[in-house]
Amino acid sequence: LLAALAAAARAEFPDKPVTLLVPFAAGGPSDKIARDLAEALRKPLGQTVIVDNTAGAGGTIGAARVARAVPDGYTLLVHHIGLATAPALYKKLSYRTLEDFEYLGLVNEAPSTLIGKPTLTANNFAELRQWIADNHGKVNLANAGVGSASHLCGLMLQSALKSNMTPVPYKGTAPAMTDLIGGQVDLMCEQATNATPQIEARKVKVFGVSSPQRMTLPLLAAVPTLSEAGLTGFNVTVWHGLYAPKGTPPAVLARLNAALRVALKDPELIKREEALGLTVVADERLAPAEHRKFVEAEMARWSKIIKDSGETAE
Ligand code: MLT
């Protein structure tokens, strides 16, 4: 295997299509981000880049698949904050976040938005807060499984409101959004990436954004942060990064990191992502060592939040 890997590294990598594995269902924020990235990686890699969805268990099934993939650079993982939080949420996890992956660089960051079904009578966060209190324990909160960004933001929301809601897990927030729009679930804390178009189309109600500062998108600039709306200090920013299995040859990693740097400067990608409320990560933050250090810090920060929230590991 090592000889084959070394040969792969020597050969003009990539000499066949590269796969970006997304650990959530198609159509959600992680999938949208991966498809944008695949498009922008085609030119710098000079190869076809395909996206493959392996959903389930809050993203941990897909992450495990890449951790076990042949480390030749042809199977990569596009994942987010869930990679840093799964160790605190799952007793039995079949991969180790820091040891089983090579870190290729962060991709982007986005706030989440607290959105509700269109038939909710509440028209602002204060009214929603009252409605949640009046319906204590009966509110359905959609997410993409334990460890997903929507689940984590939901944890923070319930802790801040001191209100337990009923989680409704999906394979991704795309199917969850369909049910929210249809009124089958009440609320969701969804990344702006997927929520922005639905808010724009007035298919869901928006009550706040999860970042410390308001969003700059004109459509959402008037939406208060949850912190200013009363949940002081509320802060959830969802970041996505690119990963390869541990043991991928250094020459291949360098080629992938260089291609990522080019892709994230693609004006088309930047325009598309900023229109969704995403911020593309600046070049100086794209060093693999920086990326790994950032994830390590996020692991520490979130394991404390998860412990304080009393969420038990699966
Ligand atoms: C999540 O963490 O909520 C996922 O990113 C949702 C998704 O991408 O489907």
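One structure accompanies this document, and this report is about it. (Residues numbered from 1 in each chain as written. Predicted model: local features only at pLDDT ≥ 70, side-chain atom pairs only at ≥ 80, totals over all residues. Heavy atoms only, no water.)

## Some remarks on the pattern of salt bridges
Part 1: As enumerated under the stated definition, the model contains 16 salt bridges in all.
Part 2: Here Glu-296 and Arg-292 are joined by a salt bridge, their closest N and O atoms 3.8 Å apart. Linking Glu-296 with Arg-292, this pair stays in helix 11 (residues 288-309), spanning 4 residues, or about one helical turn.
Part 3: A relative accessible area of 32% places Arg-292 in the partly exposed class.
Part 4: Its salt-bridge partner being Lys-304, residue Asp-308 comes within 2.7 Å of it at the nearest N-O pair. Taken together, the positions of Asp-308 and Lys-304, both in helix 11 and 4 residues apart, correspond to about one turn of that helix. Comparing Asp-308 with Lys-304 shows no difference in burial state: the two are exposed.
Part 5: A single network of salt bridges, built from pairs that share partners, joins Asp-36, Glu-268, Lys-271 and Arg-272. (Salt bridge = Lys/Arg side-chain N within 4 Å of Asp/Glu carboxyl O. Helix = DSSP H or I, 4+ residues; strand = E, 2+ residues; numbered from the N terminus. Buried < 20%, exposed > 50% of the residue type's maximum accessible area, 1.4 Å probe, protein only.)

## Looking at the nonpolar core
Part 1: Ranked by size, the top nonpolar core spans 84 residues in total, and within it Leu-20, Leu-37, Phe-101, Leu-128 and Leu-242 carry the most contacts.
Part 2: Setting aside anything within four residues of it in sequence, one finds Leu-128 in contact with Leu-114, Leu-120, Ala-122, Leu-187 and Phe-207.
Part 3: Tyr-170, Val-185, Ile-199 and Val-223 belong to the second largest nonpolar core, which has 17 residues in total. (Core = buried A, V, L, I, M, F, W, Y, C linked by side-chain atoms within 4.5 Å. Contact = heavy atoms within 4.5 Å.)

## Remarks on the site of the ligand
Part 1: Around the ligand, the structure places Phe-24, Gly-28, Pro-29, Ser-30, His-80, Ala-144, Ser-148, Ala-149, Ser-150, Gly-172, Thr-173 and Gln-191.
Part 2: Within the backbone of Thr-173, a nitrogen or oxygen atom sits 2.8 Å from an oxygen atom of the ligand.
Part 3: Here Gln-191 contributes a side-chain N or O atom positioned 3.0 Å from an oxygen atom of the ligand.
Part 4: In isolation the ligand has 260 Å² of accessible area, and contact with the protein removes 100% of it.
Part 5: When each cavity is represented as a set of grid points, the ligand is found to reside in the largest cavity.
Part 6: Breaking the shell around the ligand down by element, the ones donating at least two residues are helix 2 (29-45) and helix 6 (149-161). (Near = heavy atom within 4 Å. Polar contact = N/O pair within 3.5 Å; in protein donor to acceptor, adjacent residues only side chain to side chain. Areas by Shrake-Rupley, 256 points an atom, 1.4 Å probe, with all protein chains shown as cover. 1 Å grid on protein atoms, 1.4 Å probe; cavity = no way out; pocket = protein on both sides within 12 Å on 5 of 7 lines; lining within 4 Å. Sits in = over half its atoms within 2 Å of the grid points.)

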